[in-house]
Each structure stands twice: as C-alpha cells, then as structure tokens.
Amino acid sequence: MKPSTVLILRTRWVSWACVGLLCLTPLAGAAADREKLLNEPGVYGTFATFSLDEEWAKEDQATRIAYLTVLKGVVEQHREKIAIDLYLMRGLSDHADLMFRAHAAELRDTQQFLVDLQTSHFGKHLKTASIMHGLTKKANYVPGFPDQLKADLKVASEPGPKPYAIVVPIRKSADWWGLDQEKRAAMMQEHTEATLSYLKTVKRKLYHSSGLDDLDFITYFETSELEDFHSLILSLEKVKEFQYTRRFGHPTLLGTAKSLDEIIETLAQ
Ligand code: HEM
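In short, a report on the structure. Positions within a chain are numbered from 1, following the residues in the order the chain's sequence is written. Where local features are concerned, this predicted model is filtered to residues with pLDDT of at least 70; where side-chain atom pairs are given and counted, the filter is 80 or more; whole-chain, interface and lining totals use all residues.

**Here we look at the pairing of strand 11 (residues 253-258)**
Remark: a regular strand shows side chains that alternate across the two faces of the sheet.
Thinking step 1. By the convention used here, strands pair only if DSSP detects at least 2 bridges between them. Helix and strand assignments follow DSSP, with helices taken as H or I runs no shorter than four residues and strands as E runs no shorter than two, numbered in order from the N terminus. Bridge count between strand 4 (residues 83-88) and strand 11: three bridges; the pairing is antiparallel. Bridge assignment links Leu 88 to a residue of strand 11, and that residue is Thr 256.
Thinking step 2. Note that strand 7 (residues 164-172) and strand 11 share four bridges and pair antiparallel. Among the inter-strand pairings, Ile 166 is bridged to a residue of strand 11, identified as Leu 254.

**Looking at the site of the ligand**
Thinking step 1. In this entry, near means the residue's backbone-placed C-beta atom lies within 6 Å of the molecule or strand. Taken together, 22 residues sit near the ligand, with Ala 139, Asn 140, Tyr 141, Val 142 and Thr 195 positioned nearest.
Thinking step 2. Listing elements by their share of the shell around the ligand, those giving two or more residues are strand 7, helix 8 (181-195), strand 8 (202-208), strand 9 (217-223) and helix 9 (226-236).
Thinking step 3. The dominant element in the shell around the ligand, judged by the number of residues it contributes, is helix 8, at four residues.

**Re the environment of His 191**
Thinking step 1. Assignment of secondary structure puts His 191 in helix 8.
Thinking step 2. For the pair formed by His 191 and Phe 242, sequence separation is 51 residues and the distance between their alpha carbons is 8.3 Å.
Thinking step 3. Residues are treated as contacting if the C-beta atoms built from their backbones sit within 7 Å of each other. With residues up to four places along the chain from it excluded, the contact list for His 191 reads Leu 236, Val 239 and Glu 241.

**What to know about the environment of Pro 159**
Thinking step 1. By the element assignment, Pro 159 lies in the loop between helix 6 (147-153) and strand 7.
Thinking step 2. With C-beta atoms placed from the backbone, a residue is labelled by how many other C-beta atoms lie within 10 Å of its own: buried for 20 or more, exposed for 12 or fewer, partly exposed between the two. Accessibility expressed as a C-beta count within 10 Å gives 6 for Pro 159, which makes it exposed.
Thinking step 3. Separated by 41 residues in the primary sequence, Pro 159 and Lys 200 place their C-alpha atoms 8.8 Å from one another.

**With respect to the environment of Thr 128**
Thinking step 1. Along the chain, the position of Thr 128 falls in strand 6 (residues 126-135).
Thinking step 2. A count of 13 C-beta atoms within 10 Å places Thr 128 in the partly exposed class.
Thinking step 3. The spacing of Thr 128 and Ala 48 is 80 residues in sequence and 7.7 Å in space, taken between C-alpha atoms.

Scope: geometric values only; no functional claims are made or implied.
Written out as structure tokens, the structure is:
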C-alpha cells in the first residue's frame, strides 16, 4: 500500500475499513453492545499479544502512519461485533509490544478479527507472542458465601483511571478438581477474604479456559496501584487454595490501557 493512498483515507478512517491493500465498503451499523459483552456470562474473552518485527522501525514515518491507518480500519470494522480493548506492553514487557483483549459472543468472530489483523498490511509486521481464550461464567462459589462476605464483595472500586492491566493465566492441579464442591468453596472463601482490602484499588475479571486452552483460568486486573497488586498476590500465596496452583503466569502480562488513537500515536513515532 502506498502511503499516499492511505493518507487520503486518514480523513475518513472512522467510516472506512481497510484490510491489507483493500479498502472495503464503508463501515455499517452500531458498535457491539460493549456493556453486555463485558458484564454478562457466556462471553468469550481472548487475549492476543504481538511484537512488531525489526522491519517496523526501518519504515519511514509516513509508511508507518499508513499501516497504522489500516490497523484502525480493521479494529473499527470488527467493533461492530466485538468489544476490543488495546494495551501497550512495549517498554514494560519483553514478551510483546501490543495486547488486544477481545470479548465476543462467538469465538469465530474474534478469530475473523485476528485473521484480518494478521493478513492486513500492518499485520505483516506483527509476530504473534501469545493467544489465550476463556469464557465468562456465573460465579460458582459466591452464591454460597455468608451474606456479609457477599456484601463486602460489592464494594465498588475507587473511581478514576486504572491505567495498568495485568493478565495472569492459571492452571490448577488434578487434586483441586477432584475435591468436592464444599471443600473447594471453603478454600475459595478464604481466597476471597484475603482479597477484600484490595477491592478498592484492584478491579478483576475471571475467564474460564479449561478445554479451550492449556489453562484453567485467565485472571485479568486493572489498577493504578501496582504496589497494592503486588501485596494482593503475596496475600493470596498464603491461602490454602494457592497450593493447588500448578501454573501461575508464564507469562504474566503487564501493560497500560490505551485508546486506539493513543496506540497509533505511540507506534507512529
Ligand atoms: C481484588 C482481588 C480479588 C478478589 C476480590 C477475588 C475474588 C474472587 C472470588 C469471589 C472468586 C470466586 C468466583 C466464583 O464464585 O466462581 C475468585 C476466583 C478466582 N480467583 Fe480471585 N479474587 C481476587 C484476586 C485474585 C488474584 C490476584 C488471582 C490470581 C492472580 C485470583 C485468582 C482467582 C482464580 C484462579 C479464581 C477461580 C478459582 C476456581 O474457580 O477454582 N484472584 N476470586
């Protein structure tokens, strides 16, 4: 794609989708119901991380802007069906430069997004670092917790930006899955009690991955207080349930939440 061709598109990037060398039909319809996708059970969450190849830095700025315009087109096009969040990992992680978190009612819609991304002109510069999938579900243990604990859990996190995002994949042992529900519930209660003092500064979301990936859970957190997150992990490592963890992280993903335009601005430099 010639930069000049794409620069024309920059003035219309909200309404046109570009994939690779092709600029498709104008974008149709409203964005996906983000609120629903982020809050309801039965939604597929995908965490996809990518590094930019060495050739990226060698491209001149006009070409980089042209390719980033293509990125914008692909993301905007798929926002019709998928809730897409972006994170900058460059500078904080040696794992990847970029992370996409996609929530979709159908995993194949996320697949189509990632295929379009990777086959686009921008995607030619991307190397996949990792892709993980999980499913949101209704709480398994909370309904059986004492009323006071249930009420404590409802404490809203402090308002204001929580710029840091952390993703920790987890796999538990066969012993854990072999325990009866009552024993697991008691340990999850202890897990929950250990976290209460961090509810205000750490927001969390849980995805179930057994059977969809080589994991049992993807845990996702947002915070402005990384020190609190660090202390939270230390508290959880002391509870009995932690002894059933077989994989914690590997990788732990740390990045900052960014808008699409902020990502474009950073990568264009
Ligand atoms: C503010 C901090 C946190 C709170 C309030 C919290 C609370 C909870 C609650 C209530 C559950 C049970 C959900 C259900 O009923 O199904 C749960 C599950 C879980 N939490 Fe946490 N948690 C926090 C932080 C963490 C952290 C830091 C990790 C690990 C990095 C973690 C890993 C998990 C996992 C893997 C499960 C699923 C366990 C299972 O179903 O076997 N949590 N958490």
